[in-house]
Amino acid sequence: MADSAAPAPRPTRRVVVAEDEALIRLDLVEMLREEGYDVVGEAGDGEQAVALAKELDPDLVVLDVKMPVMDGLSAAEAIGAGGGPACVMLTAFSQAELVERARDAGAMAYVVKPFTKADLLPAMEIALSRHAEMRALESEVADLTERFETRKRIDRAKGELMKRLGLSEPEAFRWIQKTSMDRRLSMREVADAVVSGMSTPKH
């Protein structure tokens, strides 16, 4: 279904879809392919998703939270621990503790069912952008515990910058990254300064 008036295509993202309900999985795959994503693998349980993430090295894995053999959160943890791709969680619930656990598991974004294309696609782009942030953090902070703490502080600082300057999330991260390079500080030091109000951001 090529459309001559379609905008220039973005780089093709390779995706693995993991969802135990076959019909939902089918819909998801179709939705993503229509939007130009390359669905390189499909899984019906978490264990299979982890194996496909290792084997196919996609850019992104879309995981349902509730799956047999291994649930989506455990699968996201396993994928993240191996330095794998970005993960987006699909969930029928939106409880704060589940979202918190998803973040701790390394999921970069989550979408609550029932969802539409308008819910899923921005979440996928956010996940890819956050995953790139994590890679940047890995090169700055070697220790895993330290990295999680740094990430939490950077998330808080991004929130402040988005509020104060009206930046998008990726722009807020780039602001922190650039300031850290300009001032020869770590990203964590910049984030702490933003949160404590010591650093008044300027455009």
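Residues numbered from 1 in each chain as written. Predicted model: local features only at pLDDT ≥ 70, side-chain atom pairs only at ≥ 80, totals over all residues. Heavy atoms only, no water.

A. Seen up close, the pattern of salt bridges. Scanning the entire structure with this criterion turns up 12 salt bridges. Taking the shortest distance from any N to any O, the salt bridge between E34 and K117 comes out at 3.4 Å. Here E34, found in helix α1 (residues 22–34), pairs with K117, found in helix α5 (residues 117–140); they are 83 residues apart in sequence, far enough to count as distant. The exposure class assigned to E34 is partly exposed, which follows from its relative accessible area of 42%. According to the relative accessible area criterion, K117 is partly exposed, its value standing at 30%. With a closest N to O distance of 3.0 Å, E149 and R153 form a salt bridge. Placement of both E149 and R153 in helix α6 (residues 144–165) is noted, with a separation of 4 residues, approximately one turn of the helix. With a relative accessible area of 22%, R153 lands in the partly exposed category. Through salt bridges with shared partners, a single network forms among E19, D64 and K113. (Salt bridge = Lys/Arg side-chain N within 4 Å of Asp/Glu carboxyl O. Helix = DSSP H or I, 4+ residues; strand = E, 2+ residues; numbered from the N terminus. Buried < 20%, exposed > 50% of the residue type's maximum accessible area, 1.4 Å probe, protein only.)

B. Geometry of helix α3 (residues 72–81). Among all positions in α3, only G72, L73, A75, A76 and I79 are buried. Around the axis of α3, the buried residues are gathered within 160 degrees of arc, so they sit on the same side. Here α3 starts with a cap whose side-chain oxygen sits 3.0 Å from the backbone nitrogen of L73, and that cap is D71. Backbone geometry just after α3 places G83 at a positive phi near 65 degrees. (Arc of directions from axis to C-beta. Polar contact = N/O pair within 3.5 Å; in protein donor to acceptor, adjacent residues only side chain to side chain.)

In short, the description is geometric, and any link to function would need to be established separately.
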